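# Reading the structure
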Amino acid sequence: MIKKKIKRVLLTLLIIIIILITAPFLFKNQIVQLVKDQANANLNAKVDFGNFDLSLIRSFPDFNFVIEKISVINKAPFEGDTLAYIEKLAIDVNFKSILSGGPYQINTLLIDKPVINGKILPNGVANWDLTPPQDTTIKAEVATTTPTPELKEATKENTKFSVKLKAFDIKNARIKYDDMKGGMSANLHDLTYHLEGDFTKDDFLLKTYLKIAETSVKSGAVNYLSKTNLNFNLELNMNMPNMKFVIKKNELQLNELSLGFEGMITILKDDINMDVKFTTNKADFKSILSLIPVVFTKEFATIKTTGKLLLNGYAKGTMHKSKDGKSDIFPSFGINLGIENAMFKYPTLPKAVDNINVKISVVNNKNFLDATQINVSTFHVNLAGNLIDAKVQVSTPISDPSITADLKGKLDLKTIKEFVPLDKDDAMSGGIKIDVAAAGNLSSLTKKEYDKFKLTGLFEINDIDYKSKTLAYDVFLKTLKLNFSTKFVELASFDAKIGKSDIKAQGKIDNFMQYLFKNSLIVGKFDVQSTLLDLNELTAKPAGTDTTKAKNKPITPANTTSNTAAADSAKIKGKVAEVPGSIDFVLNIKFNHVLFDKYDITNMNGNIVLRNRKLNMTNLNLNIIDGSVTMNGYYETTNPKKPSVGLTFKVENFDVQKTFNTFNTIQKIAAIGKYTQGLFSATIENFNADLDEAMSPVLNTMKGHGVLKTKNVSISGYAPFEKLADALKNPDLKKVVFENITADYEFKNGRIYLLNPIKTKVNTIDVEIIGSTGFDQTIDYTWKLDIPTDIAGSEASKAVSGLLNQANSALGLSSSINLPKTIKVDVGFGGTVTKPTIKTGFKSLGGASKNIVNSVKTEAVNMAKDKANEEAQKILADGQKQVAALKEEAQKLSDKMKEEGYAEIDKIAAQASDPFSKMAAKKIAEVAKKEVDKKAQAIINQAEIKSQKILEDAKTKSASMTKH
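Conventions we followed
Residues numbered from 1 in each chain as written. Predicted model: local features only at pLDDT ≥ 70, side-chain atom pairs only at ≥ 80, totals over all residues. Heavy atoms only, no water. Helix = DSSP H or I, 4+ residues; strand = E, 2+ residues; numbered from the N terminus. Buried < 20%, exposed > 50% of the residue type's maximum accessible area, 1.4 Å probe, protein only. Areas by Shrake-Rupley, 256 points an atom, 1.4 Å probe, with all protein chains shown as cover. Arc of directions from axis to C-beta. Contact = heavy atoms within 4.5 Å. Salt bridge = Lys/Arg side-chain N within 4 Å of Asp/Glu carboxyl O. Core = buried A, V, L, I, M, F, W, Y, C linked by side-chain atoms within 4.5 Å. Polar contact = N/O pair within 3.5 Å; in protein donor to acceptor, adjacent residues only side chain to side chain. Pairing = 2+ DSSP bridges. Phe/Tyr/Trp six-rings, centres within 6.5 Å; stacked < 30°, edge-to-face > 60°. Lys NZ or Arg CZ within 6 Å of the ring centre and 35° of its normal. pLDDT = per-residue confidence, 0-100.

Each helix and strand counted, the protein has 15 helices and 39 strands in total. Here the protein, with 964 residues, has 41% of them falling under the buried criterion. Element-wise, carbon and sulfur atoms account for 56% of the exposed surface of the protein, whose accessible area totals about 53300 Å².

What follows deals with helix 11 (residues 719-727). Taken together, the buried positions of helix 11 are Pro720, Phe721, Leu724 and Ala725. The buried residues of helix 11 occupy one face: seen down the axis, they fall within an arc of 140°. The secondary structure elements touched by the buried residues of helix 11 are strand 32 (703-716), strand 33 (735-748), strand 37 (779-788), strand 38 (822-831) and strand 39 (836-839). Backbone geometry just downstream of helix 11 places lysine 729 in the positive-phi region, at approximately 55°.

Backbone torsion omega between alanine 76 and proline 77 reads 10°, so that peptide bond is classified as cis. Turning to its location among the elements, proline 77 is positioned in the loop between strand 3 (62-74) and strand 4 (82-94). For alanine 384, which is not glycine, the phi dihedral falls at a positive 50°. Structurally, alanine 384 can be placed in the loop between strand 16 (373-383) and strand 17 (386-395). In this structure, aspartate 626 takes a positive phi of about 65° despite not being glycine. Of note, aspartate 626 is situated in the loop between strand 28 (614-624) and strand 29 (627-636). Judged by its relative accessible area of 61%, aspartate 626 is exposed.

Side chains that differ in sign of charge can pair as their charged atoms come close. Considering all chains together, one arrives at 17 salt bridges under this definition. Linking lysine 351 and glutamate 418 is a salt bridge whose minimum nitrogen-to-oxygen distance equals 3.2 Å. A residue pair is termed long-range when its members are at least 10 positions apart, and lysine 351 in the loop between strand 14 (332-345) and strand 15 (353-364) and glutamate 418 in the loop between strand 18 (402-412) and strand 19 (427-441) qualify at 67 residues. Given the relative accessible area of 35%, lysine 351 is considered partly exposed. Glutamate 652 serves as the salt-bridge partner of lysine 650, at 3.1 Å between the closest nitrogen and oxygen.

Ranked by size, the top nonpolar core spans 123 residues in total, and within it Ile339, Phe344, Ile356 and Phe747 carry the most contacts. For this core, the leading source of residues is strand 26 (residues 583-596), giving 6 residues. Aside from chain neighbours lying at most four places away, what touches phenylalanine 747 is Ile669, Ile684, Phe687, Met702, Lys703, Gly704, Ile752 and Phe775. Core analysis: the second largest hydrophobic core is formed by 30 residues, Phe721, Ile741, Val762 and Val767 among them.

Here we take up the side chain of serine 501. If you trace the backbone, serine 501 turns up in strand 23 (residues 501-509). Owing to a relative accessible area of 2%, serine 501 belongs among the buried residues under this scheme. From its side chain, serine 501 meets the backbone nitrogen of aspartate 534 in a polar contact 2.7 Å long. Those residues in contact with serine 501 that lie beyond four places of it in its chain are Ala496, Leu532, Leu533, Asp534, Glu537 and Leu538.

Before going further, it helps to spend a moment on the pairing of strand 22 (residues 489-498). Working note: regular strand, side chains alternate between the two faces of the sheet. In terms of strand pairing, strand 21 (residues 475-484) meets strand 22 through 9 bridges, oriented antiparallel. When the sheet's bridge partners are listed, phenylalanine 484 is paired in strand 22 with valine 489. The turn joining strand 21 and strand 22, which pair antiparallel and follow one another in sequence, is formed by 4 residues. Sheet topology note: the strand 22/strand 23 ladder contains 8 bridges and is antiparallel. From the neighbouring strand, alanine 496 faces strand 23, where its bridge partner is isoleucine 503. As consecutive antiparallel partners, strand 22 and strand 23 are separated by 2 residues, and within that stretch glycine 499 has a phi angle of approximately 65°, a positive value.

The next thing to look at is the packing of aromatic side chains. Tallying each qualifying case throughout the model produces 20 aromatic pairs. Ring geometry for phenylalanine 344 and tyrosine 346: centres 6.3 Å apart, planes at 90°, overall edge-to-face. We note that phenylalanine 344, like tyrosine 346, is buried. An aromatic cluster of at least three residues, connected via ring pairs, comprises Tyr675, Tyr718, Phe721, Phe738, Trp783 and Phe829. Above the ring of phenylalanine 300, the side-chain terminus of lysine 286 is found at 5.3 Å from the ring centroid. Taking the ring centre of tyrosine 753 as reference, the NZ or CZ of lysine 748 above it sits at 5.6 Å.

For aspartate 271, the position within the fold is in strand 12 (residues 271-280). Relative accessible area serves as the criterion here: at 23%, aspartate 271 is assigned to the partly exposed category. C-alpha separation for the pair aspartate 271 and serine 322, spaced 51 residues apart in sequence, amounts to 9.8 Å. Once residues lying within four places of it in the same chain are set aside, the contact partners of aspartate 271 are Thr266, Thr318, Met319 and His320. Polar contacts involving the side chain of aspartate 271 include one to the side chain of histidine 320, which spans 2.5 Å.

The topology assignment puts threonine 840 in the loop between strand 39 and helix 13 (845-909). On the basis of relative accessible area, threonine 840 is assigned to the buried category, the value being 15%. Between the alpha carbons of threonine 840 and valine 827 there is a distance of 4.5 Å; along the sequence they are 13 residues apart. When residues no more than four places from it in sequence are discounted, the contact partners of threonine 840 are Ala727, Val825, Asp826 and Val827.

Following the sequence through the fold, valine 736 ends up in strand 33. When the C-alpha atoms of valine 736 and phenylalanine 721 are compared, they prove to be 7.9 Å apart, with 15 residues separating the residues in sequence. Sequence-distant contacts of valine 736, that is, excluding residues within four places in its chain, are made with Val713, Ser714, Ile715, Phe721, Val762 and Asn763.

Turning our eyes to something else, we now look at the pairing of strand 34 (residues 751-754). Looking at chain direction, strand 33 and strand 34 are connected through 4 bridges and run antiparallel. Directly across from lysine 748, in strand 34, lies its bridge partner arginine 751. Following strand 33, the chain reverses through 2 residues before pairing antiparallel with strand 34; asparagine 749 in that reversal takes a positive phi of roughly 55°. As paired elements, strand 34 and strand 36 (residues 765-774) share 3 bridges and run antiparallel to each other. For isoleucine 752, the partnering residue across the bridge sits in strand 36 and is threonine 773.

On to the confidence of the model for the protein. The share of residues in the protein with pLDDT of 70 or more is 76%, and the mean pLDDT across the chain is 79. For the stretch residues 810-817, pLDDT sits under 50, and the model shows 24 contacts to residues farther than four places along the chain or on other chains. pLDDT under 50 marks residues 842-872. Its contacts with residues more than four places away, or in other chains, come to 35 contacts.

Here it is as structure tokens:
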């Protein structure tokens, strides 16, 4: 009995071991394919991953899942963007919960080296909204905790997952967020996150830790955080039945600034109740100083500071989000920042920044945001003798900001190096002055009630000279002067030299205050001039920048943001020039000289409007490659990954070779330009195309039509024409000259089509051309040639001369036969530019000649019969039988002569060997057979004469027959 039990136990253990070893392999492929299929079927994205591993051995008694290299690639309108990439995802699931069919208990979750790129377009479309366009509902029975007490029982039966986390970890994450609609962006580099807590319990302690090496947050033009080191430790008492969370131990650290929180949050069905406070853990001025990027340098640890810091805040009350968004309720809140008698000084620098006094409060004691009061009652700082003072008060910021502001200050830039350490290669000089005052309600400006709002003052910059190793060029700002008035802000002068480039501007901004306080577009109109604008220099990397490492660095999703999983990003050769979404500018430009990429542009002038992320051009004129261009249209970057253009433009006197060598697009769509010499003019109307990330047209999206004109262009070395010359045995056609071309064309379906046949001359040959060229270099053209016989090659001319001599001597014709002046030939071009095919249609000429000969023969016989019948009528009365016999004999002689003559002519014509000789033989045969017809007709004519004599002799004897 004991032996049987031992055997049973051993057998059971053996079965378990076999299951542990084989189960992952038995189901691995099915699970991998199922996950991929379901993800791609239910998401508007391409989901893929690398190795997929299942194991019971290393994590027993848990089931361990490991998935490597997970990628989520967006589809349109974010085509090719990497939304997410995870180097490794590891999950431990309780094995017993799997055997029992659920709920499945997750114990640990690890996300290693994720890269997240979140983006919102100006139209509000987010790239993480992966719901397919069609009405597809993704149903997943996944739940963790009950959201509210009322829903607990209802959701309990549907729960397939429970969470009892021993650990949830994110390691070495990179997160990028770009909200184009809201004008906000964030970059989080090297993020680590740890969370643990038993979510299966009603009450438990949640522990969480967050560390980010570099945190950057920007809204509009304001950098709130710039590469700030962030650490956050938090413990929460989690009461799940009541959804009440109490803050326990915690610390938020931003660089040197440390904040502590206390309070609680309760989540109800429709509301959130909160009572939360925060304050600084250390009343140290140095801690908040560390948040200023220009101050927080590698020498920050040695900085000397004095002064008191006060920073605290609170939020208390209920938050309620209404369905219509009009009756939202917010808790009361307040934030206070105070700095008293502070200073800082670097030991290695001669001067200090002192007398720093700041008092700022943001308070709202009611339940709606418009009750917020912002008060900067004190802001004073002495920057080594440069004084800055400001006071600002704002109320009713949502409905109608009421503003009182006063800002004054002077700054001598050459003194900055005396109190803030700069890189040894950096240098600056020049002066900044500001004195601006404002008072009134913003609605007064909107209503143009300018007498109710006060805005006066000026902002001046003079003789700023800036040099830095971070720039490939020096910057000299001779003057910038803004005059503030109630109606507008005048740009009285702007005169700058940036590297080799110079730029001057004048104009005005119409809604400066609305832009500052209502997040409106900034609207302005400016006249801009430049004698030289070298965009190549302005976009160049600083001297000494080592690009070798970047070029040789392996392309992985960790160092790219757009590709199919990442490898294709190496193909990106440029960066899209984005049109800002926050401006509405009208620019009247006059640039004498512009350098951009390979383009050398002169005399550029016209009207440009920057609005809604679109650049509109009106009558933009410029000279390039010795020709002139007039352009109207737009360039837009609503989706920077898919910019587009729409243009109508006219070019005059462009050199074909220079155009081909300058524009990459021409090289792709008109390869013939490589072999062409000459000038051309062209118009293009309604040209539209998407652009790639190198700002080159995506060829299969190009649409438009236009007209190209040229007086004289020559083409040599072009494979299709060389093959034509070989087919016609005329080497002169290897170099062709086109005269007076007018070509109507259109872009469509990846090809350029000629809309109407081109009628022109090619080397004195009249030709008519129709067809198309593909952007894939395929060609499909038909040429109708009218070739003069006197340009035939020597071989063809010799053969034709021989045929003529044989025909004239053998047939004894009364007149010599001459060649026709021209021969019509149809030529078809196919294949590609480099491997063309030619069809000349010569095979059909023999059949055509035979039809012509038969037609002439039939016509000659009919004419002879008519003549004979006319003569027979005159002799019928006297000698009808004799005349009939005479005519019959004459007809036999005539037919025999034609038969023998035609045969001899066809024999001679058959000796033609080349296409051109065959064309000539056809003409010789036609003339020779006409001569044979004349001799045959002579026999019949003689018979007719005799018949007439017979009829005349018998006329008096057969009067009754003559009547018939």
